[in-house]
Every structure is written in C-alpha cells, then in structure tokens.
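Coordinates in review
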Amino acid sequence: MTASSVRYFLTVSPHPWSVWLICAAVVAIGGWTVYLDPAGVESPLASLLLVQMFAAATGFCGPASRGRYDPLLVSGRPWSRIVLAHWVASCLPGWLAWLLVGIVELAVDPGKLPLAFQPRGMTALVLVSAFTWSLTVRLSRFTGGVVWCGALFLSVGLRESFIWVAEAVTKARAPHDIADFIRSVVVHAAVPFALLERRPPGFEGALVAVLLALVAAALGVAILYLARRDFPLVEEP
C-alpha cells in the first residue's frame, strides 16, 4: 500500500461532500461536549462509529467494473496493497474525525489516555471500518451501513434478541466462563458501541485480540475475493 494509491482512490472515487460535512459536524459538537464534560466522550465516539458504518461502505466492484481503477489494476502492484489502499481511502473521513475528537479529549484532560486512543476504542473504530467495508466490496455505496444498522434495529425490536444482547454486555464486564467470553466476543463484534462503555469489559486484552483477529479475517476474505474476481467493463449509468 502506498500513499499514491490512496490519493488515487480519493481522486477517482471521492467521498460525497455530505460524509465530510457530517464528520465535521460530529467533531465540532462532540469536541464541545467533551470540553464541557470530558466524561461524556462516549457520545461523540459512538456517533462517529455510526457515521463510519456508512462512510467506509464505499463499494469496490462497481467502480472497478466501470474502469475507474484500471490504472492500478494493471500496474502490476500486489492485490493486497491495492485493496488495502482502497480500504484506507474509504475509512479516512471517519479516522480523521476520530483523531480530532481524541486530540480534544487529550487537551481537556492531559493526565488521562483518551478513550479514542485506548485499545478498546481504537478496536471499535477499526472493527466497524473493516466489517462495513468488507460487506460492501461487491455492493453499492452505503449498503453495508444500511444492512448493519437495519440488523441492529431489528434485534432491538425483538424482545428475545434484546435481552440476550443486554445480558451478554452485562456479563462481559466479568465473564465467568468460556461461554460468557464467546458471547461477549459475538456481541462486541455485532455491537461495537459496547466497547465504549465507561467500565471496560472483563478480559479486555483477550477480547481486543480476538476482535482484531476477526478484523484481519474480514480484510483477508475481501482481498482474496477481489483478487480472484474479474471486472468486465460496464457502461456508466
């Protein structure tokens, strides 16, 4: 992955201005919230996770089939570098916004490591970035965010699912056995907002390690899928 590849993707498939505007608004409002109440940083960070579910869901196959990525696809560069460059370009607005909120939090309370820069906070951001991007590689822009948010709202609407998630988040603070830990992994992977709770989950190091392994797996599957796929040219709509 090179900076030139990232710049290329940002040029030929730029993010809609609305994505940048929403990220800027969250940073502005969230920064002011953190300034007034440093303990309330979970709110702007959770908002950024929600925004990232859509911002990073850019889609790869559609633009590639229209020839927009041809200069990179025929450049002889390894597929892994090309795909990871696309991932970075897709995630950039959310990552920059997250960085700015973390800097504000650090400035307000310099004696404490900002939640945005703690392992669980950064894991939540990377997890959302990887999952929603991987889900959307062959779909149209924003589809991954729509599917993920729809699944979350559906689970909240189903009483049994809501109770299961609530119990899992509660037990994640102090898992008693491997079953509790596995359920904690599933819930935090599906609902990464839970990683931003004030009280960190039990076995935080192990949980973060497993979630990062899932991130690597999601990116790896996407790379293998795109590397084996042909991109016949289609006309622009």
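Residues numbered from 1 in each chain as written. Predicted model: local features only at pLDDT ≥ 70, side-chain atom pairs only at ≥ 80, totals over all residues. Heavy atoms only, no water.

A short note on the overall build of the protein chain
Here is the rule we go by: Helix and strand definitions here come from DSSP, where helices need a minimum of 4 consecutive H or I residues and strands a minimum of 2 consecutive E residues; each element is numbered from the N-terminal end. For the exposure calls, accessible area comes from a 1.4 Å probe over protein chains only, and a residue counts as buried if that area is under 20% of its type's maximum, exposed if over 50%, partly exposed in between. Whether two residues are in contact is decided by their heavy atoms, any of which lying within 4.5 Å being enough.
Helix and strand content of the protein chain: 11 helices and zero strands. Reading the protein chain from its N end, one meets helices and strands in the order α-α-α-α-α-α-α-α-α-α-α. By residue count, 43% of the 237 residues in the protein chain fall in the buried class. Within the protein chain, contacts between residues separated by at least 24 positions form 76% of all contacts whose residues are at least 6 apart in sequence.

With respect to the packing of helix 2 (residues 17–36) against helix 6 (residues 79–108)
How we decide: Helix axes use the C-alpha atoms of the stretch in contact, all axes being lines fitted to C-alpha atoms, and the angles between their N-to-C directions lie in the range 0 to 180 degrees. The labels follow the angle: roughly parallel below 35 degrees, roughly antiparallel above 145, roughly perpendicular from 65 to 115, and oblique for the rest. Definitions for this section: a left-handed crossing has its near helix turned counterclockwise from the far helix by less than a right angle. A right-handed crossing has that turn clockwise. Each residue receives one of three labels: charged for Asp, Glu, Lys and Arg, nonpolar for Ala, Val, Leu, Ile, Met, Phe, Trp, Tyr, Cys and Pro, and polar for the others, Gly being one of them.
Running from amino to carboxyl end, helix 2 crosses helix 6 at an angle of 15°, the nearest separation of the two axes being 9 Å. In terms of axis orientation, helix 2 runs roughly parallel to helix 6. Crossing of helix 2 against helix 6: the hand is right-handed. Here Val19, Trp20, Cys23, Val27, Gly31, Val34 and Tyr35 of helix 2 come into contact with helix 6, specifically with Pro93, Gly94, Leu96, Ala97, Leu100, Val101, Val104, Glu105 and Val108. The residue inventory of the contact of helix 2 with helix 6, partitioned by class, reads 13 nonpolar, two polar and one charged.

Observations regarding helix 3 (residues 42–55)
Convention followed: Expected span of a helix, by definition, is 1.5 Å for each gap between consecutive residues, and there is one gap fewer than residues.
For helix 3, spanning 14 residues, the distance from its first C-alpha to its last is 19 Å, which sits close to the expected 20 Å at 1.5 Å a residue. Those residues of helix 3 not exposed but buried are Glu42, Pro44, Leu45, Leu48, Leu49, Val51, Gln52, Met53 and Ala55.

Notes on the packing of aromatic side chains
Operational definition: Between rings of Phe, Tyr and Trp, where Trp is taken as its six-membered ring, a pair exists when centres lie within 6.5 Å; planes separated by under 30 degrees are stacked, by over 60 edge-to-face, and by other angles tilted.
Counting across every chain of the model gives eight aromatic pairs. When the ring of Phe9 is compared with that of Phe60, the centres are 6.4 Å apart and the planes differ by 55°; the resulting orientation is tilted. Of this pair, Phe9 sits in helix 1 (residues 3–12) while Phe60 sits in the loop between helix 3 and helix 4 (61–65), placing them 51 residues apart in sequence. Each of the two residues, Phe9 as well as Phe60, counts as buried. Measuring from ring centre to ring centre gives 5.1 Å for Phe60 and Tyr69, while their planes differ by 50°; the resulting arrangement is tilted.

What about the environment of Leu125?
Tracing the backbone through its elements, the reader meets Leu125 in helix 7 (residues 119–136). Along the primary structure Leu125 and Ala46 are separated by 79 residues, whereas in three dimensions their C-alpha atoms are 9.5 Å apart.

Remarks on helix 6
Put simply, the rule reads: Working definition for bend: take the seven residues up to and ending at a residue and the seven starting at it, fit an axis to each, and measure the angle between the axes.
Between its first and last C-alpha atoms helix 6 spans 42 Å; for 30 residues at 1.5 Å apiece the expected length is 44 Å, and the two agree. Maximum bend of helix 6: about 55°, positioned at Leu92, with proline Pro93 one to four residues after it.

So, unusual backbone geometry
Its identity is not glycine, yet Phe142 carries a phi of approximately 75°, on the positive side. Relative to the helices and strands, Phe142 resides in the loop between helix 7 and helix 8 (143–157). Owing to a relative accessible area of 27%, Phe142 belongs among the partly exposed residues under this scheme.

A closer look at the side chain of Gln52
So the rule is basically this: Think of a polar contact as two N or O atoms within 3.5 Å of one another; within protein, one of them needs to be a possible hydrogen donor and the other a possible acceptor, and neighboring residues in sequence only count if both atoms come from side chains.
By the secondary structure assignment, Gln52 is in helix 3. Gln52 sits in the buried class, given a relative accessible area of 0%. There is a polar contact of 2.9 Å between the side chain of Gln52 and the side chain of Ser129. Sequence-distant contacts of Gln52, defined by excluding residues within four places in its chain, comprise Cys91, Gly94, Trp95, Leu125, Val128, Ser129 and Thr132.

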